[in-house]
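# Architecture and fold: a report
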Amino acid sequence: MSQPPTVKLLIGGKFVESKTTQWRDVINPATQQVLARVPFATPAEIDAAVASAKEAFKTWRKSPIGQRARIFLKYQQLIRENMQELAALLTAEQGKTLPDAEGDVFRGLEVVEHAAGIGNLQLGELANNVAGGVDTYTLLQPLGVCAGITPFNFPAMIPLWMFPMAIATGNTFVLKPSEQDPMVTMRLCELALEAGIPPGVLNVVHGGEDAVNAICDHADIKAISFVGSTRVGTHVYQRASLAGKRVQCMMGAKNHAIVLPDANREQTLNAIAGAAFGAAGQRCMALSVVVLVGAAQKWIPELVAKARSLKVSGGTEKGTDVGPLVSCAARDRVTSLIERGVADGAKLELDGRNPSIPGYEKGNFVGPTVFSGVKPGMAIYDQEIFGPVLCLSEADSLDAAIELINRNPNGNGTAIFTQSGAAARRFQEEIDIGQVGINVPIPVPVPIFSFSGSRGSKLGDLGPYGKQVILFYTQTKTITTRWFDDDTLSQGVNTTISLR
Ligand code: NAD
């Protein structure tokens, strides 16, 4: 039997074979077919990637804004032209449906488009005459070598949150994709080089814990953007901050929606089903808890019927709503959490365990699962399930529902469904969550804004993409200038702090 292809490292503009002895299979989660083998890069290879980025920074930091903008204009075009191939790769290694894979690529493409507008984004400020004949202005200068560490669930969008904005602002980059599904990320890197990103400006290493720790510790890396679980993100934040780096970590979640009885019923139930079970619940912004207020509690049977009607199958099958979970381990974890939910006393309204999927008997499938009567203290409430499992809770009033959400440690996203502007505004004001949807189930901001998860879902002040990321990837340098006219009279020695 022929060996599956190997995933390459990208160092100094070349795709190179790793010399490591440690490899892992990239597996199609619908079929268990081995698609490729991914290396765990050696310390020397990680050093070489960082050294190549450090060398490239010497020239890239001075590249004209127009040159950088045009690379990303070309890049967005290449991504569009290769959209279907990218989506097919993504579905094969990650499992999500083909239309959702296109969505994954598209939400990343929007960040590339944003990066092409760098000329309007990386602007400093100037104040004229801050003292007699003195002007002050700021430069937003790149930091140097930056690094990105990405999760498995958006292997196109999340790498594209990172390296385009870092590189557009004049930095060079080392990316460490998820070892579970690195193939679409690598194809996106090939297209980035084709678009004109010079050798050494973008580098890729593969691996797991050791590679991540090496990135956290490396003296030549100035900033790290991490997206992944709360456990690993907290570790990365602490370790890399101690090593003096600027760090942003976007982490785990438990996103609640409130449904008020005046909500548009059909739209609301469709939105909830899509946001809870789409991508098999493997989205950091998936809706995992719905708080039904008052008479909305009567909607449970209809919601369960919608969940039951979703088609569970391979992501390439037409009409599939819910694909497989990324790995057997992920399926086993979700299944055991469903068991915990039953043991903890929640009511299992719909059990998606062990579905029979013709043609995909070996896939890691769990069908839509719904619990009602879910309360804090139950494992299915306290933990991020990251599977197609929806928890329903009840509240007597909007205020009680808001209080429940504000007590949860996570702060990634939340939503309210209502036709009342007053209730929606009250929610917007009182809720302590960084991203709020009003009749929008997954309020992930488009890149003219920033992704603004909060509290337990985020470490670091600045979010990825949008205006905030310009500040994340740059150092503000403030210049205070005075130019003497030839006939300026000397005022003698000034021994005070005042600008005269
Ligand atoms: P993960 O934390 O397991 O992996 C993320 C990255 O960390 C990977 O590149 C992985 O190789 C590395 N890693 C894994 N274990 C490590 C260890 N012990 N030490 C150092 N590095 C390690 O996350 P995942 O399972 O790939 O992704 C799912 C998680 O990501 C969920 O919790 C989800 O909510 C979160 N997520 C958050 C956002 C957000 O924007 N807040 C977006 C997407 C995903």
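Placed above this text is the structure.
Values in this document were obtained by computation on a predicted structure and should not be read as measured data.

Here is what the cut-offs are and how they apply
Residues numbered from 1 in each chain as written. Predicted model: local features only at pLDDT ≥ 70, side-chain atom pairs only at ≥ 80, totals over all residues. Heavy atoms only, no water. Pairing = 2+ DSSP bridges. Helix = DSSP H or I, 4+ residues; strand = E, 2+ residues; numbered from the N terminus. Axes fitted to C-alpha atoms, helices over the stretch in contact; angles between N-to-C directions. Near = heavy atom within 4 Å. Polar contact = N/O pair within 3.5 Å; in protein donor to acceptor, adjacent residues only side chain to side chain. Nonpolar A, V, L, I, M, F, W, Y, C, P; charged D, E, K, R; others polar. Salt bridge = Lys/Arg side-chain N within 4 Å of Asp/Glu carboxyl O. Buried < 20%, exposed > 50% of the residue type's maximum accessible area, 1.4 Å probe, protein only. Parallel < 35°, antiparallel > 145°, perpendicular 65-115°, else oblique. Left-handed = near helix turned anticlockwise from the far one by under 90°. Contact = heavy atoms within 4.5 Å.

Here we take up the sheet that holds strand 22 (residues 474-482). Strand order in the open sheet formed by three strands is 5-6-22, and the pairing between neighbours is antiparallel. In this open sheet, the two strands that pair with only one neighbour each are strand 5 (126-131) and strand 22. Neighbour-to-neighbour, the strand axes of this sheet turn through a mean angle of 30°, independent of strand direction.

Attention now moves to the site of the ligand. The ligand sits among 29 residues. The nearest are Thr150, Lys176, Glu179, Ser229 and Glu384. Taking Glu179, its side chain carries an N or O atom lying 2.6 Å from an oxygen atom of the ligand. One nitrogen or oxygen atom from the side chain of Ser229 is found 2.6 Å from an oxygen atom belonging to the ligand. By residue class, the composition of the shell around the ligand is 15 nonpolar, nine polar and five charged.

Under the counting rule described, the total for this entry stands at 20 salt bridges. One salt bridge connects Lys58 with Glu55, and the closest N-O pair in it is separated by 2.9 Å. One end of the pair, Lys58, and the other, Glu55, are both in helix 1 (residues 43-60), three residues apart, so they sit about a helical turn from each other. In this structure, the salt-bridge partner of Lys96 is Asp104, at a minimum N-O distance of 2.8 Å. Assigned by exposure class, Lys96 and Asp104 land together as buried. Taken together, the salt bridges that share partners define one network made up of Glu85, Arg187 and Glu190.

Taking strand neighbours across the sheet as the criterion, the seven strands line up as 14-15-16-13-12-18-19 in an open arrangement whose pairing is mixed. The open sheet terminates on both sides in strands that have one partner only, identified here as strand 14 (347-350) and strand 19 (436-438). Neighbour to neighbour, the strand axes of the sheet diverge by 25° on average, direction disregarded. Judged from the five bridges that link them, strand 12 (residues 255-259) and strand 13 (residues 287-293) form a sheet pairing that is parallel. From the neighbouring strand, Ile258 faces strand 13, where its bridge partner is Val291.

Right, let's get into the packing of helix 14 (residues 398-407) against helix 15 (residues 421-430). Packed helices, taken two at a time, are described by the angle between their axes plus the distance between the axes. At their nearest, the axes of helix 14 and helix 15 sit 11 Å apart, and the two run at 25° to each other. With respect to each other, helix 14 and helix 15 are oriented roughly parallel. Crossing of helix 14 against helix 15: the hand is right-handed. Contacts from Leu398, Asp399, Ile402, Ile405 and Asn406 of helix 14 reach helix 15 at Ala423, Arg426, Phe427 and Glu430. Split by residue class, the contact of helix 14 with helix 15 holds five nonpolar, one polar and three charged.

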